[in-house]
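Listed below are the residues making up each chain.
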There are 2 protein chains.
Amino acid sequence: MYRSNNCGELRSSHINKEVTLSGWVQKVRDKGFMVWVDLRDRYGITQLIFDEERTPKAMMDQAQKLGREFVIQVKGTVIERDSKNPNIPTGDIEILVSELTILNTALTPPFTIEDKTDGGEELRMKYRYLDIRRNPVKNNLIFRHKVTQEVRNFLSNQDFIEVETPYLIKSTPEGARDFVVPSRMNEGQFYALPQSPQTFKQLLMVGGMDKYFQIVKCFRDEDLRADRQPEFTQIDCEMAFVEQDDILDVFEGLTRHLLKEVNGVEIEKFPRMLYDDAMRLYGNDKPDIRFGMEFGELNVVTQHKDFKVFNDAELVVGIAVPGGNSYTRKEIDKLIEWVKRPQVGALGMIYSRCNDDGSFKSSVDKFYDQDDLAKWAEITNAKAGDLVCVLSGPTDKVRAQLSALRMELATRLGLRDPKVFAPLWVMDFPLLEWDEDTERYHAMHHPFTSPKPGQIELLDTNPGEVKANAYDLVLNGNEIGGGSIRIHDKATQAIMLKHLGFSEEDARAQFGFLMDAFEYGAPPHGGLAFGLDRLVAILGGQETIRDFIAFPKNNSGRDVMIDAPSRIDDEQLDELSLKLNIKS
Amino acid sequence: MYRSNNCGELRSSHINKEVTLSGWVQKVRDKGFMVWVDLRDRYGITQLIFDEERTPKAMMDQAQKLGREFVIQVKGTVIERDSKNPNIPTGDIEILVSELTILNTALTPPFTIEDKTDGGEELRMKYRYLDIRRNPVKNNLIFRHKVTQEVRNFLSNQDFIEVETPYLIKSTPEGARDFVVPSRMNEGQFYALPQSPQTFKQLLMVGGMDKYFQIVKCFRDEDLRADRQPEFTQIDCEMAFVEQDDILDVFEGLTRHLLKEVNGVEIEKFPRMLYDDAMRLYGNDKPDIRFGMEFGELNVVTQHKDFKVFNDAELVVGIAVPGGNSYTRKEIDKLIEWVKRPQVGALGMIYSRCNDDGSFKSSVDKFYDQDDLAKWAEITNAKAGDLVCVLSGPTDKVRAQLSALRMELATRLGLRDPKVFAPLWVMDFPLLEWDEDTERYHAMHHPFTSPKPGQIELLDTNPGEVKANAYDLVLNGNEIGGGSIRIHDKATQAIMLKHLGFSEEDARAQFGFLMDAFEYGAPPHGGLAFGLDRLVAILGGQETIRDFIAFPKNNSGRDVMIDAPSRIDDEQLDELSLKLNIKS
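What comes next is a walk through the structure.

Rules behind the numbers
Residues numbered from 1 in each chain as written. Chains lettered and ligands numbered in written order. Predicted model: local features only at pLDDT ≥ 70, side-chain atom pairs only at ≥ 80, totals over all residues. Heavy atoms only, no water. Least-squares fit on C-alpha atoms with pLDDT ≥ 70 in both. Contact = heavy atoms within 4.5 Å. Pairing = 2+ DSSP bridges. Helix = DSSP H or I, 4+ residues; strand = E, 2+ residues; numbered from the N terminus. Buried < 20%, exposed > 50% of the residue type's maximum accessible area, 1.4 Å probe, protein only. Polar contact = N/O pair within 3.5 Å; in protein donor to acceptor, adjacent residues only side chain to side chain. Disulfide = S-S within 2.5 Å. Axes fitted to C-alpha atoms, helices over the stretch in contact; angles between N-to-C directions.

## Brief notes about the relation of the copies chain A and chain B
Overlaying chain A on chain B yields an RMSD of 0.1 Å, the required transformation being a rotation through 180° with an accompanying axial translation of 0.0 Å. With respect to symmetry, the two chain copies, as superposed, fit the operation of a two-fold axis. A share of 100% of the interface residues of chain A reappears at the interface of chain B, consistent with the copies meeting face to face through the same patch.

## Some thoughts on the sheet that holds strand 9 (residues 211-219) of chain A
Pairing between the strands of a sheet is mediated by backbone hydrogen bonds and can be parallel or antiparallel. The sheet built from eight strands is open, its strands ordered 6-9-10-22-21-20-17-11 (chain A) with mixed pairing. Each having just a single partner strand, strand 6 (161-162) and strand 11 (272-274) of chain A make up the two edges of the open sheet.

## Quick word on the side chain of B:Glu238
Residue and element names in this part refer to chain B. By secondary structure assignment, the location of Glu238 is in strand 10 (residues 231-240). For Glu238, a relative accessible area of 0% corresponds to the buried category. Only 3.4 Å separates the side chain of Glu238 from the side chain of Lys201, close enough to count as a polar contact. Side-chain polar atoms of Glu238 contact the backbone nitrogen of Gly527, separated by 3.5 Å.

## Focus on the pairing of strand 19 (residues 440-443) of chain A
All names here are of chain A. Pairing of strand 18 (residues 432-435) with strand 19, which is carried by four bridges, proceeds in the antiparallel orientation. Among the inter-strand pairings, Glu433 is bridged to a residue of strand 19, identified as His442. The hairpin formed by strand 18 and strand 19 contains four residues between the paired strands, and Glu439 there has a positive phi angle of roughly 55°.

## Considerations on the state of the cysteines
All names here are of chain A. In the structure shown here, the tally under the stated rule is zero disulfides over all chains. In this structure Cys237 is not part of a disulfide, and its nearest cysteine sulfur, from Cys218, lies 12 Å away. Free cysteine: Cys354, not disulfide-bonded; nearest cysteine sulfur from Cys389 at 9.9 Å.

## As for the sheet that holds strand 3 (residues 44-51) of chain A
Residues and elements named next belong to chain A. Spatially, the five strands close up into a barrel ordered 1-2-3-5-4, and their pairing is mixed. The mean angle between the axes of side-by-side strands here comes to 55°, regardless of whether they run parallel or antiparallel. Where strand 1 (residues 18-30) meets strand 2 (residues 34-41), six bridges bridge the pair, whose relative direction is antiparallel. Across the sheet, Lys27 pairs through a bridge with Asp38, a residue of strand 2.

The following block contains the structure:
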């Protein structure tokens with residue numbers, strides 16, 4: 001037996017108990033006549049004590065030579081500490097060691113195993129097994145486990161069945177790029193790794209499985225942006241015989257349960273907002289509603305004067321910055337520089353100060369009088385002491401720009417408290433979106449999303465206007481889940497695929513099995529998937545997902561710890577009937 | 001709202017209730033003036049009734065035209081049935097329908113959606129979504145879910161943390177063949193899909209995670225035998241600061257919990273048997289101990305006469321077949337034919353009948369007298385009325401042959417009741433096994449298994465004799481789990497890899513990260529993995545795993561429903577810097 005207790009559980013009630021502990025040497029303090037060792041394991045830290053008077057000389061020597069991260073086992077007696085440490089749960093006691101065994105030595109770790117480490121990102125990734133010893137990473141992984149357990153228990157209690165769908169499936173060129181897996185037994189053929197279990201979960205509905213979920217790895221071979229991973233985890237769900245509201249209710253219940261169980265936050269009803277309203281009020285389909293600063297559209301109160309910039313603009317839109325009138329001219333100039341950065345892309349910014357005396361002072365006083373500016377303030381909900389910031393231009397662009405400004409200002413103003421949770425349903429997304437590159441419409445969610453009842457005819461005349469029974473769950477400005485009511489009849493699915501540019505042949509080759517299934521009694525169904533990595537990061541009050549993943553990959557899709565991907569030998573390639581075709 | 005109730009829950013207490021049900025048409029019985037419809041969903045079957053007197057003509061017509069597997073919604077009143085059906089839980093009531101909506105039509109399914117279907121294996125796989133509607137498959141999937149939930153809750157309650165390890169890892173030629181995944185972003189390089197998360201779970205132990213588990217897909221590109229899948233699921237577990245007994249206790253606890261919760265079977269202590277004893281007593285490292293028929297080694301009581309066959313044999317070994325003396329000469333001849341089949345491979349079989357009067361009659365009476373045969377009976381535990389069957393030859397082969405005979409006879413004798421559960425730990429496996437093909441030793445479990453303390457020196461002199469701290473959990477003659485105490489120091493790991501034929505360079509390239517990790521304070525650790533597919537099949541009282549997998553692949557590794565694997569287009573190959581190299 002390596003231990004009778006762990007390093008986090010001994011208290012003064014255990015005094016005089018004989019115990020055996022095992023763990024890592026966190027710290028050694030050597031006063032010569034006395035040596036204290038902080039012994040660490042997953043559960044905490046317990047102080048060990050060796051002293052000249054009570055410890056045999058040989059053991060004393062051994063204790064003095066212990067290095068950081070040595071793995072040791074000790075036997076000893078729980079005693080009361082002389083100077084108690086109120087900062088740790090075991091701070092009232094220490095262990096007077098009677099036996100010391102070194103289970104393994106350790107080289108000096110390349111970075112400190114402390115909450116605030118001196119290790120940079122790359123070093124931490126290379127030695128991830130050491131990084132995981134640190135509380136912040138360790139606690140994130142434990143937190144993730146707690147979240148997934150809560151998800152599973154909540155859904156199981158509601159009669160959902162977790163069904164494993166296959167990982168070796170079929171490549172479909174729709175959506176992102178697939179990772180493919182050459183088949184040795186089927187020469188020249190490839191499996192694909194799933195981007196999601198979408199079609200399988202729909203087939204489970206056709207199969208009568210009714211309420212399905214799965215916490216499942218998915219794969220996308222995309223050029224990685226910061227904080228994207230080629231493999232990621234979804235909480236994937238689907239229900240049959242449901243309408244949109246049924247699905248929203250169930251998964252609102254799940255999210256409410258998580259907020260309560262893992263964050264201790266009780267939230268009653270989640271607000272529901274139409275996609276069009278989200279775009280109009282926040283310039284964004286995943287608005288952060290922890291704070292206000294809603295958009296005010298100013299066309300009618302700005303386009304009656306000689307200010308050409310506004311008159312030419314499709315949209316003139318502003319927000320009120322709380323307390324922003326205190327900004328100096330220099331600070332405002334910096335803000336203007338900020339919106340003109342290429343990442344944001346505005347051509348400029350107009351502002352109007354809302355003075356305490358009720359007067360206004362704008363950067364376009366030449367064109368607009370106090371009455372005009374009063375209307376700006378009214379429409380943007382600006383109060384005395386605020387600053388109204390106004391952008392103008394093509395609707396889509398200017399909304400995105402003002403949304404970026406809104407988020408930046410809220411961050412600066414401390415309005416984005418990670419301990420505050422503001423969930424929001426955004427509903428009625430467009431079915432299709434226009435893709436500039438390919439000059440055709442793409443499915444905004446995916447090709448299986450059903451149009452709103454009665455709108456299918458619009459597909460021929462005005463496809464961009466068709467709304468879908470599609471919804472996202474937004475938490476603190478992040479999309480944490482999304483889903484839709486699906487098409488469940490072959491005819492509608494065929495129309496949809498046609499409008500997405502599939503020839504009948506292609507549609508048959510790729511989705512024939514699903515279309516066939518729809519002919520054998522497919523029930524109405526719909527579902528939703530949560531991005532687990534992001535969900536746990538946000539519930540954990542953090543922004544980056546990487547430290548909620550045990551072994552993440554870097555931005556080139558590499559695992560720098562195990563050094564993957566790597567070359568494989570020619571024999572292996574030959575067995576797969578493949579040859580390299582290196583161009584660079 | 002598609003339904004107020006499901007099709008399995010209405011009882012006589014609901015009589016007069018207005019309900020809405022949705023589901024599939026299981027059966028229509030049309031008497032002209034009266035139509036009954038069995039409406040089915042995941043939860044059961046409820047009978048609907050339409051009749052001339054109470055149902056409008058138009059609805060009556062519609063009901064009469066309903067086809068099998070149509071998806072319908074009905075509103076109606078729960079009424080008492082005239083003739084109750086005690087065989088189903090809803091058999092006391094029926095629904096007098098007031099509204100009927102056809103939600104979807106259905107083509108006639110290619111096989112009947114009944115517990116005993118007329119569909120063959122291939123058809124069922126092609127239309128798996130219809131197969132899943134059948135109770136046997138549906139219930140297996142629900143059963144699987146229940147088992148995994150129990151596993152997760154049991155382990156979580158014991159402080160185990162489920163950690164997701166990566167799927168895109170590194171190819172290692174040791175063990176079975178890897179499935180590989182070409183990397184587009186890292187030209188000419190490949191990820192591998194994990195055969196198991198072995199090295200990652202060991203790194204989690206180095207990382208202090210202490211108690212890990214994961215229910216996880218694993219992948220092996222092997223030539224498929226019946227009932228093998230290229231992707232399969234493991235319950236993967238690892239613990240630090242443990243000895244073999246600690247691990248056995250925890251996972252015996254888990255298995256006991258499952259047997260109790262999902263099978264209602266209480267089993268106290270699982271027997272523990274040494275590998276050498278299992279081989280000696282059952283000729284098998286995964287003996288089915290639901291029944292006896294233990295081997296009796298007969299060398300000392302057979303090799304003192306002139307029977308050359310026995311005298312020349314390395315091993316003479318027999319079993320007693322209960323009641324086998326009742327077999328006719330013809331039946332015994334058939335048994336001899338059976339052991340001589342190439343799949344078993346015995347050259348012949350000697351037998352001795354144990355007569356009721358205490359005398360014996362053997363096929364080798366010329367060589368052995370009654371005293372000799374009495375010893376055979378004594379050693380094989382044969383009683384009056386039994387038949388002693390004896391095989392002889394090289395130890396390994398003859399044990400395998402007699403084990404096959406033992407299992408076959410037990411099956412014929414009805415001794416392998418799937419409702420009886422006999423778990424068994426088999427311990428102290430050999431560390432290495434000799435491979436005839438490559439003429440070198442392979443790791444019997446894997447290269448990370450630690451030899452028994454004090455046996456490492458034997459590696460140089462007598463490698464085949466070295467035993468490992470390795471163990472299997474056997475249930476009803478199936479290996480359902482296996483594991484070991486791992487090596488946790490670099491030096492031992494290096495010796496082990498050397499003995500497995502790795503050059504220092506190869507060892508470095510493939511396992512360098514693990515060997516490095518061992519230098520930074522690796523704790524003693526060990527673990528175990530269960531094969532989930534097999535486990536649920538056995539707990540479910542069945543032999544084949546395929547019907548416990550939602551979407552299994554066939555023996556060529558194909559998913560015949562979605563038709564995968566398949567060709568991918570040249571553009572996709574080109575992006576991956578690959579060319580096909582088809583030889584056939």
